[in-house]
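Examining the three-dimensional arrangement
If you want the building blocks of each chain, they are given just below.
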Amino acid sequence: MHGVISSLKDFDKVFSKSPKAGERREALQKYFGVNGVIKAVEANKEWPKLLYPSIEVLDSKIKESKERRKIFASKLSEWKKNHFNASMYHQVNQVKKFAEPVYWKHLAKTISDKDYRIDADSVKLPAHLVADKKWRPMVKMFVNDIEYRKQLAETVNTSIVYKKNKRVAKFADDLQDFRMDAADKQVKDLEEKVSDLESVEKSLKEMQKWAKE
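So, a few notes on the structure that sits alongside this text. Just so you know, these numbers come straight off a predicted model, no measurement behind them.

Within the protein chain, the regular secondary structure consists of nine helices and two strands. Going from the N terminus to the C terminus, the protein chain shows its helices and strands as α-α-β-β-α-α-α-α-α-α-α. The C-alpha radius of gyration of the protein chain comes to 31 Å, more than 25% above the 17 Å expected for a compact globule of 213 residues. Out of the 213 residues belonging to the protein chain, those deemed buried represent 37%. Sequence separation of 24 or more characterises 69% of the internal contacts of the protein chain that already satisfy a separation of 6 or more. Working note: accessible area of the protein chain is about 13,500 Å², and carbon and sulfur atoms make up 53% of it.

Here's what the structure looks like:
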């Protein structure tokens, strides 16, 4: 029996007659890649006899990998949902606005009140976000309080903060973009982890076949 082998390079040195290609070799390479070690002895065939890891040890590793993959898959589902919610934010609020009396009041005023319409256009009032609790107070104040409306319109038109973009709701767009980017990164990272674990499990199952010989 040879000592502990922890790399494909050392394996090839010890068992030079073993195939240099094939599923088992790929599985062995993947196994070494996750810090796996083996013990084996020469046999009257291409591959040596695998002494360690045993079938039981490999079965334990497979179960452990599946548990980790289950956790990552659950997180992946959550982040996909977050990404979808962020991408649908404006579309959802475009529907929800119709249930808000303040939205209809805003709509009526844009038709009947020229001065109001000019102010609303100047600040690009995000009336469609009235169903969002973060934006409802601002929209409600704009619609109902002329002093607040005039002050906001003046601020947007004169403040350096709004010099490049005269939209009071630009923050809402930036926030959703940020959330989508963050979710997208998490989704890609978790997809990669799930895929890697699936690959590891496939390799461990191939190692089990070897251990049975």
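Still more ground to cover, so stick around.
Let's shift gears to the side chain of Ser 18. Along the chain, Ser 18 turns up in the loop between α1 (8-14) and α2 (23-33). On the accessibility criterion, Ser 18 (3% relative accessible area) is buried. In this view, Ser 18 contacts Phe 11, Glu 46, Trp 47 and Pro 48; residues no more than four positions away in its chain are not counted.

The next subject is the pattern of salt bridges. The final tally for this structure, using the stated rule, is 15 salt bridges. Taking the shortest distance from any N to any O, the salt bridge between Asp 59 and Lys 63 comes out at 3.6 Å. Taken together, the positions of Asp 59 and Lys 63, both in helix α3 (residues 55-87) and four residues apart, correspond to about one turn of that helix. Between Asp 189 and Lys 193 there is a salt bridge, with the nearest N and O atoms lying 3.4 Å from each other. Here Asp 189 and its partner Lys 193 are both found in helix α9 (residues 170-212), four residues apart, which amounts to about one turn of the helix. Classification of Lys 193 as partly exposed rests on a relative accessible area of 33%. Via salt bridges that share partners, Arg 24, Glu 206, Lys 209 and Glu 213 belong to a single interconnected network.

With that out of the way, let us pick up the nonpolar core. Tyr 116, Val 123, Leu 125, Trp 135, Phe 142 and Leu 152 are the most contacted members of the largest nonpolar core, which totals 19 residues. The element best represented in this core is helix α7 (residues 136-144), accounting for four residues. Core analysis: the second largest hydrophobic core is formed by 18 residues, Phe 11, Leu 28, Ile 62 and Val 200 among them.

Each pair of aromatic rings is reported with the distance of its centres and the angle of its planes. Taken as a whole and assessed by the stated rule, the structure comprises nine aromatic pairs. Ring geometry for Phe 98 and Tyr 103: centres 5.9 Å apart, planes at 90 degrees, overall edge-to-face. On the basis of relative accessible area, Tyr 103 is assigned to the buried category, the value being 9%. When the ring of Tyr 116 is compared with that of Phe 142, the centres are 5.6 Å apart and the planes differ by 65 degrees; the resulting orientation is edge-to-face. Residue Tyr 116 is found in helix α6 (residues 114-123), and its partner Phe 142 is found in helix α7; the two are separated by 26 residues along the sequence. Taken together through their ring pairs, the aromatic side chains of Phe 11, Phe 15, Trp 47 and Trp 210 make up a single cluster. Arg 24 extends its terminal NZ or CZ atom over the ring of Trp 47, reaching a point 5.5 Å from the ring centre.

Here the bond from Tyr 52 into Pro 53 is cis, since omega is 5 degrees, no more than 30 degrees from zero. With respect to the element layout, Pro 53 can be found in the loop between β2 (49-52) and α3. Phi angles above zero are rare outside glycine, and Lys 124 is one such case at about 50 degrees. Here Lys 124 lies in the loop between α6 and α7.

Each value, and the rule that gives it
- All residue numbers here refer to positions counted from 1 along the written sequence of the relevant chain.
- Only residues with pLDDT of 70 or above have their local features reported here, since the model is predicted, and side-chain atom pairs are shown and tallied only from 80 upward, although totals for entire chains, interfaces and linings are computed over all residues.
- To obtain the side-chain values, all non-hydrogen atoms of the structure were used and water was disregarded.
- Secondary structure elements are defined from DSSP: runs of H or I of at least 4 residues count as helices, runs of E of at least 2 residues count as strands, and each element is numbered from the N terminus.
- C-alpha atoms define the radius of gyration in this analysis, and the globule rule sets the expected value at 2.2 Å times the number of residues to the power 0.38.
- Relative accessible area decides the class of each residue, using a 1.4 Å probe on protein chains only: under 20% of the type maximum gives buried, over 50% gives exposed, and in between gives partly exposed.
- In what follows, residue pairs with any heavy atoms lying within 4.5 Å of each other are defined as contacts.
- In these tables, accessible area is a Shrake-Rupley quantity obtained with a 1.4 Å probe, and a residue counts as shielded only by the protein chains included in the view.
- Throughout this description, the term salt bridge denotes a Lys or Arg side-chain nitrogen within 4 Å of a carboxyl oxygen of Asp or Glu.
- In plain words, nonpolar cores are sets of buried Ala, Val, Leu, Ile, Met, Phe, Trp, Tyr and Cys residues tied together by side-chain atoms within 4.5 Å.
- For Phe, Tyr and Trp, rings pair up if their centres lie within 6.5 Å, where Trp contributes its six-membered ring, and each pair is then called stacked (planes under 30 degrees apart), edge-to-face (over 60) or tilted (otherwise).
- Criterion for a charge above a ring: Arg CZ or Lys NZ at most 6 Å from the ring centre, at most 35 degrees from the ring normal.

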